[in-house]
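# Architecture and fold: a report
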Amino acid sequence: MDALIFILTGIAVFSILIVPLSSKLQAPILLLFLGFGMVLGEDGPGGIEFDNFSFAYTLGSLCLAMILLSGGLDTKLKNFKKAGVPSGILATLGVLLTAVGVGVAYHFIFGRPLAEGMLLGAVVGSTDAAATFMLLNHSKVAPRAKIKDTLFIESGLNDPIAIFMTLTFVAIVDTGADFTLGSIISATPSFIQQMGLGLIGGVAGGAIVSFIVSKVTLPTGLNPPFFLMAGMCTYSGVALAGGSGFLAVYLFGVTVANTGKHGKERLAHFHEGLAWLAQIAMFVMLGVLVTPSALPEMVTEGLILAAILIFIARPVAVLLCLAPFKFSLNEKLYIGWVGLRGAVPIFLAIIPVISPGPMTPNFFNLVFIMVGASLFIQGWTVSPAGRLFRVAAPDEGAKPEAQKPAP
């Protein structure tokens, strides 16, 4: 046990120390975490053999729930009101359009069944909350508020949609059923149930917990852990009831952050630290899970599909979804570019592998390559893209005017 604790805490300490390095290199920190995990894995100097996809899925679910909770706590309701509608459309129709673009390309270019293509599109269709929060917050070019709010809220809302679509297409692929419009329509009641219970459960859970804290005085140090446990209880309770636990925990955080008085600054700091640890654990674990020696087999497919995702599917989806809203072309192009993929697609790629269907670890490797390309290309260019599309906030780079001498 002492050896295990020493190894795990040592990995965490080293991972945390990587963060300042990423700032100096202007490198996407999540990519460094993935790389560190690969170094620790069976093909690297670490030599850790880990291929338990089921355990990785369980741990990844917990980590993602904590990340989404932190993201919700960092979302102001006034921002939600301003950017909620475009973000909601991007998180639903945008994910669907992106999935269709990738899925159809996979079907026609590589001759794979359309259902498998749509499964791949669903897995990589959502932007990653952790990657978006971290890279935008540490970008040297701060985008205008409406752009940042739209990207933040979208990344918090679109994970449940991607998860639902992934589970739906996994069921279709596993049963060998034909991919038809009817098979999608038949999944509509389940979609309404999951999103409805997630919405109601998350908002109700956050409101109830905020009310309890307003009536019961907890010791100062217990407030943040109480909200963590209540948030995770909401996540698991809604999931057990057949709803989307991930949507529920995000909306729980939004509700808590915008109701009551309960030391919000201390609460935000506590959960920000937990979110960092969850991101580190998730990305390093996924890096260890992948087998680098098996990646070359999927590199060509992965890079072609990543290019389609980055340069065609995501930008087209954004342009169509934001057409009714007052975004300039440059703003739409920037939002399309910051469609960062991260741990969530890799996490979702585990589901087809652990299901009894025909998908093998090669599917996981394919998604890993696509995510790595997204983090490398898009993650490394968030700041340059902000300058290229001229979307910086008004005070970005502004210099104070010299005061004239008094007469």
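What comes next is a walk through the structure.

## A look at the overall build of the protein chain
A count of helices and strands for the protein chain gives 18 helices and zero strands. For the protein chain, whose C-alpha radius of gyration is 21 Å, the value lies close to the compact-globule estimate of 22 Å for 407 residues. In terms of its C-alpha atoms, the protein chain occupies a principal-axis envelope of roughly 80 × 50 × 50 Å. With 407 residues in all, the protein chain has 53% of them scored as buried. Once local pairs closer than 6 in sequence are excluded, the contacts in the protein chain between residues at least 24 apart make up 81%. With the model as given, the accessible surface of the protein chain reaches about 18,100 Å², and the carbon-plus-sulfur share is 69%.

## Let's talk about the nonpolar core
Ranked by internal contacts, the top residues of the largest apolar core, which has 126 residues, are F33, L120, L286, Y334, F364 and M370. No other element matches helix α7 (residues 145-175), which puts 14 residues into this core. Once residues lying within four places of it in the same chain are set aside, the contact partners of Y334 are L136, P143, I147, L151, V382, A385, G386, F389 and V391.

## Observations concerning the side chain of T166
On the secondary structure map, T166 appears in helix α7. Excluding anything up to four places from it in sequence, T166 contacts L119, A122, V123, L348 and I351.

## Things to note about the packing of helix α9 (residues 188-215) against helix α11 (residues 245-257)
Packing of α9 against α11 brings their axes to within 7 Å, and their N-to-C directions diverge by 35 degrees. Crossing of α9 over α11 shows right-handed handedness. Where α9 abuts α11, its residues M195, G198, L199, G202, V203, G205, G206, A207, V209 and S210 lie against L247, A248, L251, F252, T255 and V256. For the contact of α9 with α11, the residue count by class is ten nonpolar, six polar and no charged.

## Re the environment of V85
Within the secondary structure, V85 is located in helix α4 (residues 77-110). For V85, a relative accessible area of 52% gives the class exposed. Taking the C-alpha atoms as reference, V85 lies 36 Å from T175; in sequence the two are 90 residues apart.

## Re the packing of aromatic side chains
Summed over the entire model, instances satisfying the criterion amount to twelve aromatic pairs. A ring pair is formed by F14 and F36, whose centres lie 4.9 Å apart and whose planes are at 40 degrees; its orientation type is tilted. Taken together, the positions of F14 in helix α1 (residues 2-25) and F36 in helix α2 (residues 29-40) put the pair 22 residues apart, joining distant regions of the chain. Overall, F36 belongs to the buried group, its relative accessible area being 13%. Where F50 meets F55, the ring centres are 6.2 Å apart and the plane angle is 90 degrees; that geometry is what we call edge-to-face. Taken together through their ring pairs, the aromatic side chains of Y57, Y235, F246 and F347 make up a single cluster. The residue whose ring lies beneath K146 is F327, and the NZ or CZ to ring-centre distance is 4.8 Å.

## Here we look at helix α13 (residues 296-321)
In this model α13 runs 35 Å from its N-terminal to its C-terminal C-alpha over 26 residues, within 8% of the 38 Å that 1.5 Å per residue would give. The largest bend in α13 amounts to roughly 40 degrees and is located at L309.

## Looking at a nonpolar patch on the surface
Nonpolar side chains collect at one region of the surface, where F311, I312, V316, L320, F376, I377 and W380 lie side by side and expose about 670 Å² of accessible area between them. Per element, the largest residue contribution to the nonpolar patch is four residues, and it comes from α13. Mapped onto the elements, F376 comes out in helix α17 (residues 361-377). You can call F376 partly exposed: its relative accessible area is 47%.

Criteria and thresholds
- One numbering rule holds for all chains: residues counted from 1, following each sequence as written.
- With the structure being a predicted model, the display of local features is reserved for residues of pLDDT at least 70 and the display and counting of side-chain atom pairs for 80 or more, all residues being used for whole-chain, interface and lining totals.
- To obtain the side-chain values, all non-hydrogen atoms of the structure were included, while hydrogens and water were left out.
- Here a helix means four or more residues in a row that DSSP labels H or I, a strand means two or more in a row labelled E, and each is numbered from the N terminus.
- In this description the radius of gyration comes from C-alpha coordinates, and the expected globular size is given by 2.2 Å times residues to the power 0.38.
- Each residue gets one of three labels from its accessible area relative to the maximum for its type: buried under 20%, exposed over 50%, partly exposed in between, using a 1.4 Å probe on protein chains only.
- Any pair of residues with heavy atoms lying within 4.5 Å of one another is described as a contacting pair.
- For the accessible areas, the method is Shrake-Rupley and the probe is 1.4 Å, while residue cover comes only from the protein chains on display.
- We define a nonpolar core as any set of buried Ala, Val, Leu, Ile, Met, Phe, Trp, Tyr and Cys residues linked to one another through side-chain atoms lying within 4.5 Å.
- Here an angle of 0 to 180 degrees is reported between the N-to-C directions of two axes, which are lines fitted to C-alpha atoms, with helices fitted over the stretch in contact.
- A clockwise turn of the near helix away from the far one marks a right-handed crossing, whereas an anticlockwise turn of less than a right angle marks a left-handed crossing.
- The classification used treats Ala, Val, Leu, Ile, Met, Phe, Trp, Tyr, Cys and Pro as nonpolar, Asp, Glu, Lys and Arg as charged, and all other residues, Gly among them, as polar.
- Aromatic pairs are defined between Phe, Tyr and Trp rings, using the six-membered ring for Trp, whenever the two ring centres lie within 6.5 Å; interplanar angles under 30 degrees are classed as stacked, those over 60 as edge-to-face, and all others as tilted.
- Two limits define a charge over a ring: the Lys NZ or Arg CZ must be within 6 Å of the ring centre, and within 35 degrees of the ring normal.
- What a helix is expected to span follows from its residue count: subtract one and scale by 1.5 Å.
- The angle between axes fitted to the seven residues ending at a residue and the seven residues starting there is what we call the bend at that residue.
- The patch calculation keeps residues exceeding 30% relative accessible area without a salt bridge and links them within 9 Å when they carry like charges or within 5 Å when they are nonpolar (Val, Leu, Ile, Met, Phe, Trp, Tyr).
- When a carboxyl oxygen of Asp or Glu lies within 4 Å of a side-chain nitrogen of Lys or Arg, that pair is called a salt bridge.

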